[in-house]
Amino acid sequence: MARRRSKGGHTIPTLPGELNGAHPIESATLQEVPTEQHLAQWLEARGVSTNGWGDGVTKSVGKLWKELKGSEAGLDVWRTAEGKSMVMRSTHVLRGKVCSQLSYERGVFLFNTWQQFADGRKRTRNGLLSEKLNTEEIPLQDHLHEVCKRAVEEEEMGFLIDTAFVISPTNPPPDFDPEYKCPLKVIDEKFVDYTIEVEESKSFPGLQTAYHLYTVDIICSGLPGIDFNTLEYNDPDDAAGKRKLKYVHAWNWLNWPTIQRYLFEGSQLKETKKKGAFTSPEALEIWLMQHSLSTERWGTEGFKPCAALLKEIENDESQLELWGRHDGVPLLMRVVHVLQLKVISDDPRLQNKFLLQTWSQSRDGRVRDVSRLMSKKLTCAQVPFDESRFNRAAETVVKSQIKYLADVHFSLNPGRPPTTEDMNGDPEVDVLSTKLVGMHHDIEESPSFPGLHTMYHLYTMEVECSGLPLSDFTSVDFERNGGPFAYGWKWRTLPESLDILHSRAQALERQDNKRRRALQSQSLMVTDNVEHLERILGIAQRVAEESSTSSGSAGVLGPSQDISELVQGLAEAVASLRSVAESSRLEEQTSTGASLAESLPPAMLSKMASDTITTDSFFEEVMAKQRTETVGRSRTSSGGSMSMQAVPSTRAWVPEASALYW
């Protein structure tokens, strides 16, 4: 399995886009650029124009030179895998999820909602604690505690005040109090994530900037249990050490899903991966892990391997999108377009009923319960889709999925899967009419690729057929990759289908509650065992030290090998159990948190959902056409006078169970 490069125990993400595989070949040191004039010449010589820098909202060359002098940024020339040279500015930023020990266990952290300048201006912040790092503090893991301590105790949270405090004409900025002692203490820090975002700098146009973002859980003592404000002061500006107020920060306690919703706000589509983007499953896997998606379970436990996702992409059945902002949370999304068919019969005995797939069996005999309409992923090789393409696709799906029929008790024999010769093929099933009745979208974690969020664009059609069996039946699909597959079909009314989905949801909820209780009990047991083992480890270490002292005084070589191995084994067991306890805590938080769709801001969700395979006006045009045809039939049947008939609804009932998806 391909892995991202590792340094100092922490994973280093691969550079995105064309920078994947690039390496630095030159750095702008202060010896080479001792003044801002030398820096401007250095940039111009390497193809970066500084014309216009300092105008409007942009910054001057002098500002960039001060960043380099103060070790706030680095400036390097990178060479891509294709041999292209590129000047890259690098900045390193710590994002702190500040919390107490109790709030950490509950998944609740401090969020900076707004800032106020010393002159009274206020702006929305909506971010985590943020601390710019010096280049000398990289690698971060070697300076993590010192950086977290500075960010919390000395800078953004160094001076606590009441949450009602704001600067106003009657309430001027408070003076710096050198006698004040910050009540907050950093007692632990846990490295969470490291990502790199690359984009053209808005401050220095034409200069690419790599934002190295380090997310860390910072556990503190002394934090108030309620919302509060803090004061941040500038560095001393004179020999007397006078410090002016820089910001008033407002801090609110929020759970992590709510914080994510704010951090996603303003996200843009950064990158799209389509057919031809990856040369191999290994290249795809590296790219996925670059964005913190673990693929360890893929290809096991019934999940699909990375090669199956690559095949989807190469068949134009899905694409991958990377969303985010340089100070927010990156989001990787798989996008799939699915055609759903509400298959009905022209036989009056089946009036108000449609086909519902209740189970699916794969070639290896594995059976999966589903409750969904007949469905198929659409290929997006040629877009946009028009009405005729939807009609052809619907007819193709019907013909492929119910071409070979069997009785309701049929199942596949893994030892001897059937062939087309074994089945009763080509039933006299004809598609009489098709009609698009709905379009919507949904976001779920993919059941096939765990951890990969998927946006499903769902297009629902009503298909009327003749020649369908009057009773429930089984069909065998030989055309689907990896087949044959067996599908169980039942004729159901809408109320019956809703009852099925309701019962299924209740069963899943009971199962989830049972699993959550077991997880909580397991987590408590693990925590207790860790505490016991830590006490035993402490005793063993003291015994080892005493043995070493007595052995040394007697002229004998150190403690026995058995004691050393015991201490080492206990230390490893404690570390392992701590990791298990932490995983259980995170799993419990995840299981009780909001769904991804609920965590996304409406504006971001709308932007994601707008990328359909049809034109913007397609659905409205189809609905208008259907209404016109309905009115025409009404007038014809009534001899010119309009009769009251139902106009096709623009919304169709669609099962919302997760079994609908791939």
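The coordinates are above.
What counts, and where the lines are drawn
- Residues numbered from 1 in each chain as written.
- Predicted model: local features only at pLDDT ≥ 70, side-chain atom pairs only at ≥ 80, totals over all residues.
- Heavy atoms only, no water.
- Core = buried A, V, L, I, M, F, W, Y, C linked by side-chain atoms within 4.5 Å.
- Buried < 20%, exposed > 50% of the residue type's maximum accessible area, 1.4 Å probe, protein only.
- Helix = DSSP H or I, 4+ residues; strand = E, 2+ residues; numbered from the N terminus.
- Contact = heavy atoms within 4.5 Å.
- Pairing = 2+ DSSP bridges.
- Axes fitted to C-alpha atoms, helices over the stretch in contact; angles between N-to-C directions.
- 1 Å grid on protein atoms, 1.4 Å probe; cavity = no way out; pocket = protein on both sides within 12 Å on 5 of 7 lines; lining within 4 Å.
- Points joined across faces, edges and corners; volume = space filled by probe spheres on them.
- Nonpolar A, V, L, I, M, F, W, Y, C, P; charged D, E, K, R; others polar.
- Phe/Tyr/Trp six-rings, centres within 6.5 Å; stacked < 30°, edge-to-face > 60°.
- Lys NZ or Arg CZ within 6 Å of the ring centre and 35° of its normal.
- Disulfide = S-S within 2.5 Å.

### What to know about the nonpolar core
- L339, L341, F390, V398 and I402 are the most contacted members of the largest nonpolar core, which totals 33 residues.
- Elements with a minimum of two residues in this core: β16 (331-345), α8 (387-401), β21 (430-445), β22 (453-466), β24 (485-492) and α13 (618-637).
- Among the elements that make up this core, the one with the highest residue count is α8 (five residues).
- Beyond its immediate chain neighbours, meaning those up to four positions away, V398 contacts L341, V343, M374, K403, V431, V463 and C465.
- If you look at the next biggest cluster of nonpolar residues, it comprises 32 residues, including L140, A151, M157 and L184.

### Section: the sheet that holds strand β12 (residues 228-233)
- As summarised here, the arrangement of the five strands in space is β7-β6-β13-β12-β9, forming an open sheet in which the pairing is antiparallel. Each having just a single partner strand, β7 (122-127) and β9 (159-161) make up the two edges of the open sheet. With strand direction ignored, the average angle separating the axes of adjacent strands in the sheet is 30°.
- Pairing of β9 with β12 involves three bridges; the strand directions are antiparallel. For L160, the partnering residue across the bridge sits in β12 and is T230.

### Focus on the layout of surface pockets
- Of the volumes computed, that of the second largest pocket is approximately 1,700 Å³.
- Lining the second largest pocket we find 42 residues, and of these R123, S130, K132, K246 and Y247 sit closest to its centre.
- Broken down by secondary-structure element, the contributors of at least two residues to the lining of the second largest pocket are α2 (61-69), β5 (85-99), β7, β8 (129-133), α4 (144-155), β11 (208-221), β12 and β13 (245-255).
- Residue composition of the lining of the second largest pocket, by class: 10 nonpolar, 10 polar and 22 charged.

### Quick notes on the pairing of β22
- Of all 14 residues making up β22, 11 are buried, and the element is well covered by its neighbours.
- Examined bridge by bridge, β16 and β22 share 13 bridges and lie parallel to one another. Looking at β22, one finds that K342 is bridged to E462.
- Alignment of β21 against β22, held across 14 bridges, turns out to be antiparallel. Among the inter-strand pairings, E445 is bridged to a residue of β22, identified as H453.

### Regarding the packing of aromatic side chains
- A complete count under the given rule lists 16 aromatic pairs for this structure.
- Plain terms: the ring middles of F385 and F390 are 5.1 Å apart, the flat faces sit at 55° to each other, and that makes the pair tilted. An identical accessibility class is assigned to F385 and F390; each is buried.
- Three or more aromatic residues joined by ring pairs make a cluster, and in this case those are F159, F176, Y180 and Y233.
- In this structure, K97 packs its charged tip against the face of W256, placed 4.0 Å from the ring centre.

### Describing the state of the cysteines
- Scanning the entire structure with this criterion turns up zero disulfides.
- You can see C182 has no disulfide; the closest cysteine sulfur is in C220, sitting 8.6 Å from it.
- Overall, C182 belongs to the buried group, its relative accessible area being 14%.

### Points about unusual backbone geometry
- With an omega of 10°, the peptide bond between I138 and P139 qualifies as cis.
- Take P139: it is sitting in the loop between β8 and α4.
- With omega at 10°, the peptide bond leading from G483 into P484 counts as cis.
- Tracing the chain through its elements places P484 in the loop between β23 (473-477) and β24.
- With a phi angle near 60°, S71 is a residue other than glycine that sits in the positive phi range.
- Within the secondary structure layout, S71 lies in the loop between α2 and β4 (74-79).
- You will see that E301, though not glycine, has its phi angle at about 55°, which is positive.

### Brief notes about the sheet that holds strand β20 (residues 404-406)
- Strand order in this open sheet of five strands is β18-β17-β24-β23-β20, and the pairing throughout is antiparallel. The sheet terminates laterally at β18 (367-372) and β20, the two strands that pair on one side only. On average, adjacent strands in this sheet sit at an angle of 30° to one another, irrespective of strand direction.
- Pairing between β23 and β24: five bridges, direction antiparallel. What sits directly across from F473, in β24, is W489.

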